[in-house]
Amino acid sequence: MSEGINDHTRYIVDLRRHMWMDGIEVELRRLIWQIAVVGKYISAKIHESNRKLAGFKNVYGEDQLALDRISDDILKNMLKNSGFVREYASEELKEIAPIGQGQEKYIVTADPLDGSSLVDTNLAIGTIIGIHKNSVFDCGRNSMVAALYITYGPLITMIYSAGKGVHEFVLDREGEYVLSEENIRLNEKGAIFSPGGLRRDWTDSHKRYIDRLESDGYKLRYSGGFVPDINQVIIKRGGIFSYPALKKSPQGKLRLLFELQPMAFIMEQAGGRATNGKEDILSLNVTSVDQRSPIYIGSSAEVTMAEKFLSQ
Ligand code: AHG
Ligand code: MN
Ligand code: MN
C-alpha cells in the first residue's frame, strides 16, 4: 500500500482540479466547468419529461421534441451569463446567436440533446459541445480549442479535451465530476463497427467497406445515438463509426459544426482519426451552420481502410 493512501481515503480528482493541473487557461476551465454543470440540469429535465407515469400519455410525442429546445434554452441562458462566450451556435437555432458583449474569448457550438428519438426507449443520449476561439466559418483545426460531450446513461459521464489529451469524468452521487480515466489513447485497431444509414441507400464502395469489416469479424454496435456510439469506440479503445454519403443525400446526415467537429477533435486527441472519406473532418471548411458531411471516425486502421475503399 502506498504511503498516505489506505482503504478509507481515495485520492479523488475532480474536474476543476484536473483542468487546473493540466494547465488549461482559467477562462476555458471555467467555461468547460459551467457546461459540465449544465449537463446536470439537462439530465434533470430528461428525467422530468420522461418519467413513465401512467396517465401522462403524451410525454413521448410533443414533449419529447420540446426537450431539445428546453436543453438548448438551459445551455444558452447559462452561457449568456458566463462572461466567456460571445456567440452561441446551436443545432436548435437557425442562426448563430450573439450572447455576449462582443469581446468575450469564445464561441460555443452545441447539439444540446443528441439522440432525442431515443429518450422514450431509455437508451443513452448526450450533449455535444465545441469551443472555438475564432470564427466557426473556417476549418476546425484553425478555430477549435476544446470539445466535450456528456453521456446520459446508467451513469452520467463527461469526456473533454482542451488539446491536452482526452479525459473521462463520472458524475458521482454527491454531484461532483470525478476523474475516471486520464489520457485515453485508442489502439491502432478496434473490434466494433457502427454503420449509420440504410444499406439500400449506401454507395457500392461503402457497401464493400462494411462487408469487409463484417468478414473481418467486427462486432455490430449501433445504438442510433451519436454520443453513446462514439463513446463506446473511445472507451473500448478503438473501432469505427460511419454515417456515409447516401445515394439521395451525398452529404450524409450528421452536422459538421454541432456533431462532427467536436467528436473529431476528441478522437484525434485520443490518437484516432476522422475523415469524410477524402479529407480530415477538422480540415473541412465550414460555410454554413447546418452543413453536413459523411463521416468515418474511430481508430486509425479502420479510418485509413475506409479511405482506401472509397477511393476505389
Ligand atoms: P439528434 O437527436 O441530435 O437529431 O441526432 C440524431 C443523430 C445521431 O444521434 C445519430 O447518430 C443519428 O442521428 C442516427 O441516425 P439514424 O436514425 O438514421 O440511424
Ligand atoms: Mn445529434
Ligand atoms: Mn440534437
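Residues numbered from 1 in each chain as written. Chains lettered and ligands numbered in written order. Predicted model: local features only at pLDDT ≥ 70, side-chain atom pairs only at ≥ 80, totals over all residues. Heavy atoms only, no water.

Caption draft 1: Summary view of the domain arrangement of the chain. Parsing the chain into structural domains produces domain 1 (7-181) and domain 2 (192-310). Between domain 1 and domain 2, the C-alpha centre-to-centre distance is 22 Å. On the domain 1 side of the contact with domain 2, Ile128, Arg141 and Tyr149 bury the most area, a combined 22% of that side's loss. If you look at where domain 1 meets domain 2, you find four salt bridges. Notably, a salt bridge pairs Arg237 with Glu181, separated by 2.4 Å at the nearest N-O pair. At the junction of domain 1 and domain 2, the tally comes to 13 residue pairs in polar contact (both at pLDDT 80 or more). If you list the elements that add at least two residues to the side of domain 1 that touches domain 2, you get β1 (85-90), β3 (106-114), β4 (125-132), α4 (140-143), β5 (144-152) and β6 (156-161). It is β5 that contributes the most residues to the side of domain 1 that touches domain 2, eight residues altogether. Tallied by class, the residues present in the side of domain 1 that touches domain 2 amount to 21 nonpolar, eleven polar and nine charged. (Domains from an automatic or database assignment. Buried area = accessible area lost by both parts, 1.4 Å probe. Salt bridge = Lys/Arg side-chain N within 4 Å of Asp/Glu carboxyl O. Polar contact = N/O pair within 3.5 Å; in protein donor to acceptor, adjacent residues only side chain to side chain. Helix = DSSP H or I, 4+ residues; strand = E, 2+ residues; numbered from the N terminus. Nonpolar A, V, L, I, M, F, W, Y, C, P; charged D, E, K, R; others polar.)

Caption draft 2: Structural context of the coordination of the manganese ion (ligand 2). Taken together, the protein ligands of the manganese ion (ligand 2) are Asp111 (OD), Asp114 (OD) and Glu259 (OE), with distances of 1.9 to 2.1 Å. Along the chain, the residues that donate to the manganese ion (ligand 2) are spaced as D-x2-D-x144-E. Separating the manganese ion (ligand 2) from the manganese ion (ligand 3) is a gap of 3.8 Å, bridged by Asp111, which donates to each. Residue Asp111 is classed as buried on the basis of its relative accessible area of 1%. (Donors = N, O, S within 2.8 Å, 3.2 Å for Na, K, Ca; no water. Buried < 20%, exposed > 50% of the residue type's maximum accessible area, 1.4 Å probe, protein only.)

Caption draft 3: Structural view of the sheet that holds strand β11 (residues 240-243). Pairing is mixed across the open sheet formed by five strands, whose spatial order is β10-β9-β11-β13-β12. The two strands at the open ends of the sheet, each matched to only one other strand, are β10 (219-220) and β12 (273-275). Sheet topology note: the strand β9 (residues 192-195)/β10 ladder contains two bridges and is parallel. Considered in β10, the bridge of Ile192 is made with Lys219. Lying over the sheet, helix α7 (residues 256-269) contacts β12 and β13 (295-298), oriented at roughly 30° with respect to β13. (Pairing = 2+ DSSP bridges. Contact = heavy atoms within 4.5 Å. Axes fitted to C-alpha atoms, helices over the stretch in contact; angles between N-to-C directions.)

Caption draft 4: Structural context of the site of ligand 1. Taken together, 15 residues are adjacent to ligand 1, and Asp114, Gly115, Tyr222, Tyr243 and Lys253 come closest. At 3.1 Å, a side-chain N or O of Asp111 approaches an oxygen atom of ligand 1. One of the side-chain N or O atoms of Tyr222 is found 2.5 Å from an oxygen atom in ligand 1. Judged by the fraction of its atoms near the pocket grid, ligand 1 is located in the second largest pocket. With three residues, the top contributor of residues to the shell around ligand 1 is β3. Looking at side-chain class alone, the shell around ligand 1 contains six nonpolar, four polar and five charged residues. Three or more residues apiece are contributed to the shell around ligand 1 by two domains, here domain 1 (7-181) and domain 2 (192-310). (Near = heavy atom within 4 Å. 1 Å grid on protein atoms, 1.4 Å probe; cavity = no way out; pocket = protein on both sides within 12 Å on 5 of 7 lines; lining within 4 Å. Sits in = over half its atoms within 2 Å of the grid points.)

Caption draft 5: Structural view of the coordination of the manganese ion (ligand 3). Coordination sphere of the manganese ion (ligand 3), protein contribution only: Glu91 (OE), Asp111 (OD) and Leu113 (O), at 2.2 to 2.3 Å. Given a relative accessible area of 1%, Leu113 falls into the buried group.

Caption draft 6: Looking closely at the pairing of β11. Every second residue of β11 is oriented toward a common face, with Ile240 and Ser242 on one face and Phe241 and Tyr243 on the other, all of them buried. As defined by bridge partners, β9 adjoins β11 across three bridges and the pair is classed as parallel. Residue pairing across strands places Pro195 opposite Ser242, the latter belonging to β11. Bridge analysis of β11 against β13 gives four bridges, and the strand direction is antiparallel. Within β13, the position partnered with Ile240 by the bridge is Gly298.

Caption draft 7: Fine view of helix α5 (residues 204-215). With twelve residues, α5 should cover 16 Å at 1.5 Å per step; its first-to-last C-alpha distance of 16 Å lies within 8% of that length. The complete set of buried residues in α5 reads Ser205, His206, Tyr209, Ile210 and Leu213. Taken end-on, α5 shows its buried residues confined to a sector of 135°, consistent with a single buried face. Looking at the packing, one finds that the buried side of α5 touches β9, β11, β13 and α8 (300-310). Of the residues one or two after α5, Gly217 is the one with positive phi, at around 95°. (Expected span 1.5 Å × (residues − 1). Arc of directions from axis to C-beta.)

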